[in-house]
Amino acid sequence: MTLLDLWLSRSIPMCLLLQSLVLMALCFPSASMCPKGCICQRDLHLHGLNVTCSQSRLKEIPPSLPVDTVLLRLDHNQIGAVPDQAFHGLRLLRELNLSYNAVETLGEGAFSGIEATLQVLDLSHNRITSVHKDAFARLKARVIVDDNPWHCDCALQQAIGGMAHNHEAAARVLCRSSELRDHESRPFLAVDTDLCNLAKRTTDYAMLVTMFGWFAMVISYVVYYVRQNQEDARRHLEYLKSLPSKPKKPDEADDISTVV
């Protein structure tokens, strides 16, 4: 065996080892990049990370998510809120699964920064009752909102109106409660009442009732004041009448006799 053959026989295994190490580095990111309780795997097809944090007993969204995350699973946890800009910086995120959590409300900036790339958003099986009117306004993703105790009001009606491209999701919103009782347990799209005008009319009625109450109170005070003054005047007059007459002086009586 020549020296060249010997060198080649040793170099080939080394090259294979280096290739294996490179592939492992690409497919399995370092533990420091992956949030605690999550599993991170490289997706060579999507050129990013699949981050799985399912059933990890999380009570909040992990604060340090890898910036190249393309798929994020946070389902089956105890997450109670989605803070504004919670996913800001995840510019490659395509799918976000928040199903089976305890989220109750969604603010205007809950999904800020991921509107352009997000394709699927799963919010099913939470405790969502209300959302900001612009929570879904800029999203182009397919939104799944099944099995939430929605309160159907003006803000939700505006939010649903911003999901015109997502008719399937809007059709699955059921009113657990509503501004109008006859809308409860009905699909939200079946509500043909403008709840925003209803709220405005309710406010106008409340203002009218308040103004009428103040006016009635002022009138009552004026009537009471006038009657009280009349009563005081009557008592004062009776007091004056009850006083004894002033007796005449003797000089005045003599003058009268002289004149006669």
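Residues numbered from 1 in each chain as written. Predicted model: local features only at pLDDT ≥ 70, side-chain atom pairs only at ≥ 80, totals over all residues. Heavy atoms only, no water.

A.B. asks: Would you explain a nonpolar patch on the surface in this entry?
C.D. replies: Judged by side-chain polarity, Val-218, Tyr-221, Val-222, Tyr-224, Tyr-225 and Val-226 come together as a nonpolar surface patch covering roughly 630 Å² of accessible area. Locating Tyr-221 in the fold gives a position in helix 4 (residues 195-242). (Patch = residues over 30% accessible without salt bridge, like charges linked within 9 Å, V, L, I, M, F, W, Y side chains within 5 Å. Areas by Shrake-Rupley, 256 points an atom, 1.4 Å probe, with all protein chains shown as cover. Salt bridge = Lys/Arg side-chain N within 4 Å of Asp/Glu carboxyl O. Helix = DSSP H or I, 4+ residues; strand = E, 2+ residues; numbered from the N terminus.)

A.B. asks: Any chance you could explain the pairing of strand 1 (residues 39-43) here in plain terms?
C.D. replies: Consecutive side chains along a regular strand alternate between the two faces of the sheet. Here strand 1 pairs with strand 2 (residues 48-52) via five bridges, running antiparallel. When the sheet's bridge partners are listed, Cys-40 is paired in strand 2 with Val-51. Taking the residues that link successive antiparallel strands as the turn, the strand 1-strand 2 hairpin has four residues, and the phi of His-47 there is positive, at about 60 degrees. (Pairing = 2+ DSSP bridges.)

A.B. asks: Even after reading the chapter, I still don't get the pattern of salt bridges, so can you show me in this structure?
C.D. replies: Opposite charge on two side chains lets them pair, provided their charged atoms get close. All chains considered together, the criterion is met by four salt bridges. A salt bridge links Asp-68 to Arg-42, with the shortest nitrogen-to-oxygen separation between them at 2.8 Å. Residue Asp-68 is found in the loop between strand 2 and strand 3 (69-73), and its partner Arg-42 is found in strand 1; the two are separated by 26 residues along the sequence. For Asp-68, a relative accessible area of 17% translates into the label buried. (Buried < 20%, exposed > 50% of the residue type's maximum accessible area, 1.4 Å probe, protein only.)

A.B. asks: What is the right way to read unusual backbone geometry from this model?
C.D. replies: Excluding glycine, most residues fall at negative phi; most peptide bonds, likewise, are trans. Even without being a glycine, His-76 presents a positive backbone phi close to 55 degrees. Positionally, His-76 belongs in the loop between strand 3 and strand 4 (95-97). The class of His-76 is partly exposed, set by a relative accessible area of 36%.

A.B. asks: Just to check I follow, could you spell out the sheet that holds strand 1 for this structure?
C.D. replies: Backbone-to-backbone hydrogen bonds join strands into a sheet, with any given pair of strands oriented parallel or antiparallel. Strands sit in the order 1-2-3-4-6-8 across an open sheet of six strands; the sheet is mixed. This sheet does not close on itself; its edge strands, each paired only once, are strand 1 and strand 8 (142-144). Across this sheet, the average inter-strand angle for adjacent strands is 15 degrees, counted without regard to direction. (Axes fitted to C-alpha atoms, helices over the stretch in contact; angles between N-to-C directions.)

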